Amino acid sequence: MRIETYEDAFNRVKARNEGAFIPFTVAGDPDFETSLKIVKIFVENGADALEIGFPFSDPVADGPTVQLANTRALDAGMTVEKGFQFIKKVREFTDIPVGVLTYYNLIYKMGIDEFYEKAKLNGANAILAADLPPEEANDALHSAKRYGVQQIFMAAQSTSNQRLDEILKLCSGFLYVVAVMGITGARNELKDSTIELIERIKCHSKIPVAVGFGISKQDHVSNVINAGADGAIVASAILNIITENLHNKEEMLQKIGKFCRELKGVTKVIR
Amino acid sequence: MILDGKFGKYGGAFVPELLIPALEELEKAFLKYREDKKFNEELEYYLREFAGRPTPLYHAENLSEKLGCKIYFKREDLLHTGAHKINNTLGQGLLAKYMGKLRLIAETGAGQHGIATAVIGSLLQIPTEVYMGSEDVERQKLNVFRMELSGAKVIPVSNGSRTLKDAINDAFRDWVSSADTTHYLIGSTMGPHPYPTMVKHFQKVIGRETREDILKKEGKLPDAVIACVGGGSNALGIFSAFVDDEEVELIGAEGGGEGLKAKHGATISAGTEGVLHGSLSFVLQDDHGQIAEAHSISAGLDYPGVGPEHAFLSSEGRAKYYPVTNEEAIRGFKLLSQYEGILPALESSHAVGMAEKYAKENKGKTIVVNLSGRGDKDVDILAKLMEVKL
């Protein structure tokens, strides 16, 4: 199977005058098989690209929802090795871009080069380590280049224009824009500052821009895309559905499917 | 950032992008005020008049005779709040004030750093909130109350293992959204740059005084300097004055817990390289990179990481690190209590236990042990272990 690049995926979506809908889940949450079904539901219900988390015991950039998902996955026996097997399984049913979102210790412990090699072999497009700023990323970037894996970095409201340009020199695939000055987690409101941030970053970025952290409702998705974002990343709101429906996995899958359709349904650019 | 915060390959700043500007601001302020006359005069004033510096370098004659070495203790246990922690909280607290921060946050395990922060919050009138694992809150009710008496708010953390490392995680999470107004006062030589460098800077006073005193008293440098190592701030504080003197052995006593084959906190002795809480150092982790839980009888050594400069000193062979078991530490506690009438903190008891082991192999040497804290806080734990009802 030919794997779609981020460039192709964002172009495909753009050609339909839409933004990309990018759902996130933690590989192995609540268990390997169910997690795989969740990702399949994403794909069948409008996902344009996928973000797959490799769980870490100490996820400092994440709020309680994602930490809980990490804990569930780890308790169910998830490891980095199994994470790559997971991506290989995902590749059996989809060719849309897959980004791995994790923390640097998991990469460092496996061996940076080996991690990127396995990412490539198993079909991941990109890696984002939440605690790896550009200053510390030399080794990772070297391996990324070597195996043809894209390295994604984050930018936030606190990122100066000068720093943004530095980040954009190293970032490929897409730029992950952190919508809030805070940690991951579903939120009620989308702030005006998020819209201003997207507008500022779009002026600088030649690569696509996807917005995550706190994007949890239809109007959030619609607003960030209409502010110029190329994609919306939704995590905690989906993980909350997992958390609330652990006792009934069929219902969990149905609800996630419905939620994804609703969010994808509002990705049309209406400016 | 201006500096890269590396010690050899260790250290650095492995943090989410959102924290980079906060760390840059902090580094800039630290580099500025550490050279600032007014800042340093004010810090010296508080260290002297509020914390009780300088501390004595005490020649323990009874214990020296018993162990066959000349043993000195650097009496950080005599400081206000009972440990060396206050050197750092005063320094960072004052820095926060100079930076115009309106709120302090801190993490604490057993509560010692929490108390030292709460007290400074009160002294400088800066509202203070302390993150503490809910397990620790339960185990250390008295210290929670002491922090609250000083006007601090204690926030229980019920994520993960509900101990120190989770308290640190939550303090970082807080700081991500509050850095504009808030200073995160880290308690040890760990975390992302500039913390390891900054905390060592504020603890160097221990080494400066020790060096001056030992030269006065002995006319020469000691053969060995021994300190306990959790995150490693008291050890780096005292090591820093001797690190260039190759003839002085630098020895770190890690929390050996129930032994390296069982539960322990001996990160350098038995850990592997990894990235935790913002720096590359040694960590206790499983084969897949998940952080393990540490264990030591002393809460201050009960941490699965260690400051990056210790990883560097160990890799260079400049300092040696050995595990000291719970049992050896308790023996150290009893030794010092019975021979000198000094109750050491359980953390510092590891250094005493290490000194006993060292003395056995090195008769006649001159040793300085950093007595980083006093043991009043630990008598409950000891009574329980000795099956004494209080």
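Residues numbered from 1 in each chain as written. Chains lettered and ligands numbered in written order. Predicted model: local features only at pLDDT ≥ 70, side-chain atom pairs only at ≥ 80, totals over all residues. Heavy atoms only, no water.

Novice: Looking at this structure, I do not really get the overall build of chain B. What am I missing?
Specialist: A count of helices and strands for chain B gives 15 helices and 14 strands. Whereas a compact globule of 390 residues would reach a radius of gyration of roughly 21 Å, chain B reaches 19 Å, a difference of no more than 12%. Viewed in the frame of its principal axes, chain B has a C-alpha envelope of about 55 × 45 × 40 Å. Intrachain contacts of chain B at a sequence separation of at least 6 include 73% that bridge at least 24 residues. Of the accessible surface of chain B, which amounts to about 14400 Å², a share of 49% is contributed by carbon and sulfur atoms. Side-chain charges in chain B split into 45 positive and 54 negative, and the spacing between the mean points of these groups amounts to 2 Å. (Helix = DSSP H or I, 4+ residues; strand = E, 2+ residues; numbered from the N terminus. Rg over C-alpha atoms; globule rule 2.2 N^0.38 Å. Contact = heavy atoms within 4.5 Å. Areas by Shrake-Rupley, 256 points an atom, 1.4 Å probe, with all protein chains shown as cover. Lys, Arg positive; Asp, Glu negative; His and termini not counted. Charge placed at Lys NZ, Arg CZ, Asp CG, Glu CD.)

Novice: For this particular structure, what's the right way to read the interface of chain B and chain A?
Specialist: Size of an interface, as often reported, equals the accessible area lost when the parts are brought together. Residue-level contacts link 34 residues of chain B with 36 residues of chain A. Of the roughly 2800 Å² buried between chain B and chain A, counting both surfaces, carbon and sulfur atoms make up 54%. Sorting the residues of chain B by area buried against chain A places Glu17(B), Leu18(B) and Arg173(B) first, and these three jointly supply 26% of that buried surface. Here chain B is connected to chain A by 3 salt bridges. With its nearest N and O atoms 2.5 Å apart, the salt bridge here joins Glu17(B) to Arg163(A). (Buried area = accessible area lost by both parts, 1.4 Å probe. Salt bridge = Lys/Arg side-chain N within 4 Å of Asp/Glu carboxyl O.)

Novice: Looking at this model, I keep getting lost on the sheet that holds strand S13 (residues 319-325) of chain B. Mind explaining?
Specialist: Where strands meet in a sheet, backbone hydrogen bonds hold them as pairs that are either parallel or antiparallel. Residue and element names in this part refer to chain B. As summarised here, the arrangement of the 6 strands in space is S3-S4-S14-S9-S10-S13, forming an open sheet in which the pairing is mixed. Every other strand in the sheet has two partners, leaving strand S3 (57-59) and S13 as the edge strands with one partner each. Each strand of the sheet is rotated relative to its neighbour by a mean of 30°, with strand direction disregarded. The sheet contacts of helix H9 (residues 195-218) involve S3, strand S4 (70-75) and strand S14 (366-371), and relative to S4 the element is tilted by about 145°. Each of S3, S4, strand S10 (249-257), S13 and S14 touches helix H13 (residues 326-340); the most contacted strand, S13, lies at about 90° to it. (Pairing = 2+ DSSP bridges. Axes fitted to C-alpha atoms, helices over the stretch in contact; angles between N-to-C directions.)

Novice: Just to check I follow, could you spell out unusual backbone geometry for this structure?
Specialist: In terms of backbone geometry, most residues other than glycine have negative phi values and most peptide bonds are trans. Following Asp29(A), the chain continues to Pro30(A) via a peptide bond in cis, the omega torsion being 0°. The residue Pro30(A) is located in the loop between strand S1 (20-26) and helix H2 (32-44) in this model. Residue Pro54(B) follows Arg53(B) across a cis peptide bond; omega there is -5°. Note on placement: Pro54(B) falls in the loop between helix H2 (37-51) and S3.

Novice: Help me understand the pairing of strand S2 (residues 50-53) of chain A in this model?
Specialist: All names here are of chain A. Burial along S2 is two-sided: Leu-50 and Ile-52 and Glu-51 and Gly-53, pointing in opposite directions, are all buried. The sheet contact formed by S1 and S2 spans 3 bridges and is parallel. Paired with Thr-25 across the strands is Ile-52, a residue of S2. Of the crossover connections in this fold, the one passing from S1 over H2 to the parallel S2 is right-handed. Two strands pair when backbone bridges link them, and S2 and strand S3 (residues 98-102) are joined in this way by 4 bridges, in the parallel orientation. Its bridge partner being in S3, Gly-53 is matched across the sheet by Leu-101. (Buried < 20%, exposed > 50% of the residue type's maximum accessible area, 1.4 Å probe, protein only. Right-handed = clockwise from strand over helix to strand, strands pointing away.)

Novice: Hey, could you run me through the sheet that holds strand S8 (residues 182-184) of chain B in this one?
Specialist: Residues and elements named next belong to chain B. Taken together, 4 strands build an open sheet; the order of strands is S7-S6-S5-S8 and the sheet is parallel. In this open sheet, the two edge strands, each paired with only one partner strand, are strand S7 (153-157) and S8. Neighbour-to-neighbour, the strand axes of the sheet open up by a mean angle of 25°, direction not taken into account. For strand S6 (residues 128-133) and S7, the ladder comprises 5 bridges, and the chain directions are parallel. Its bridge partner being in S7, Gly-133 is matched across the sheet by Val-157. Set on the sheet, helix H5 (residues 112-124) makes contact with strand S5 (103-108) and S6; between it and S5 the angle comes to about 165°.

Novice: I tried to follow the domain arrangement of chain B on my own but got confused; where do I start?
Specialist: All names here are of chain B. Per the domain assignment, the segments making up chain B are domain 1 (14-47 + 84-195) and domain 2 (52-83 + 204-385). Taking only C-alpha atoms into account, the centre of domain 1 sits 23 Å from that of domain 2. Opposite the 24 residues of domain 1 that make contact, domain 2 presents 29 residues. Between domain 1 and domain 2, a total of about 2300 Å² is buried, with carbon and sulfur atoms accounting for 62% of that surface. Looking at the side of domain 1 facing domain 2, the largest losses of area belong to Phe-14, His-84 and Thr-189, adding up to 28% of the total buried there. At the surface where domain 1 touches domain 2, the tally comes to 0 salt bridges. Elements that contribute at least two residues to the side of domain 1 that touches domain 2 include exactly helix H4 (85-98), H5 and helix H8 (164-178). With 5 residues, the top contributor of residues to the side of domain 1 that touches domain 2 is H8. (Domains from an automatic or database assignment.)

Novice: Could you clarify how one ought to interpret the pairing of S1(A) in this entry?
Specialist: Taken residue by residue, a regular strand's side chains alternate between the two faces of the sheet. Residue and element names in this part refer to chain A. Buried residues dominate S1, accounting for 7 of its 7 residues. Both S1 and strand S9 (residues 231-234) contribute to a ladder of 4 bridges, which runs parallel. Paired with Ala-20 across the bridge in S9 is Gly-231.

Novice: Mind showing me how you'd approach the pattern of salt bridges here?
Specialist: When the charged atoms of two side chains with opposite charge come close together, those side chains can pair. Residues and elements named next belong to chain B. Tallying each qualifying case throughout the model produces 45 salt bridges over all chains. A salt bridge links Glu-35 to Arg-34, with the shortest nitrogen-to-oxygen separation between them at 3.6 Å. Judged by its relative accessible area of 61%, Glu-35 is exposed. A residue is classified by how much of its surface remains accessible, and Arg-34, at 28% relative accessible area, is partly exposed. Between Asp-245 and Arg-211 there is a salt bridge, with the nearest N and O atoms lying 2.5 Å from each other. Separated by 34 residues along the polypeptide, Asp-245 in the loop between helix H10 (233-239) and S10 and Arg-211 in helix H9 bring together distant segments of the chain. The exposure class assigned to Arg-211 is partly exposed, which follows from its relative accessible area of 27%.

Novice: Help me understand the packing of helix H8 (residues 161-170) of chain A against helix H9 (residues 192-204) of chain A, please; the structure alone is not making it clear to me.
Specialist: Two quantities define a packed helix pair, namely the angle between the helix axes and the distance between the axes. Residues and elements named next belong to chain A. Close contact between H8 and H9 brings their axes to 10 Å; oriented N to C, the two are set at 55°. The angle between H8 and H9 places the two elements in the oblique class. Taken as a pair, H8 and H9 cross one another with a handedness that is right-handed. Contact with H8, carried on its side by Asn-161, Leu-164, Asp-165 and Leu-168, involves Arg-200, Ile-201 and His-204 of H9 and no other residues of that element. Of the residues that constitute the contact of H8 with H9, the class distribution is 3 nonpolar, 2 polar and 2 charged. (Parallel < 35°, antiparallel > 145°, perpendicular 65-115°, else oblique. Left-handed = near helix turned anticlockwise from the far one by under 90°. Nonpolar A, V, L, I, M, F, W, Y, C, P; charged D, E, K, R; others polar.)

Novice: How should I be thinking about the side chain of Arg163(A) in this particular structure?
Specialist: Counting through the fold element by element, Arg163(A) comes out in helix H8. Judged by relative accessible area, Arg163(A) falls into the buried class, the value being 12%. Beyond its immediate stretch of four places on either side in the chain, Arg163(A) contacts Pro133(A), Pro134(A), Glu135(A), Glu17(B), Ile20(B) and Glu24(B).

Novice: I'm lost on the packing of aromatic side chains in this one. Help?
Specialist: Aromatic rings considered in pairs are described by the distance between their centres and by the relative angle of their planes. All names here are of chain A. Under the criterion given, the structure shown has 23 aromatic pairs over all chains. Aromatic side chains Phe-32 and Phe-86 sit 5.4 Å apart centroid to centroid with 85° between the ring planes, which places their arrangement in the edge-to-face category. Of this pair, Phe-32 sits in helix H2 while Phe-86 is found in helix H4 (residues 80-90), placing the two residues 54 residues apart along the sequence. Relative to Phe-84, the ring of Phe-54 has its centre 5.2 Å away and its plane inclined at 80°; by these criteria the two rings are edge-to-face. Here the residue Phe-54 occupies a position in the loop between S2 and helix H3 (64-75), and Phe-84 occupies one in helix H4, the gap between them amounting to 30 residues. Its relative accessible area of 2% is what places Phe-84 among the buried residues. Directly above the ring of Phe-93 sits Lys-40, whose terminal nitrogen or CZ lies 5.7 Å from the centroid. (Phe/Tyr/Trp six-rings, centres within 6.5 Å; stacked < 30°, edge-to-face > 60°. Lys NZ or Arg CZ within 6 Å of the ring centre and 35° of its normal.)

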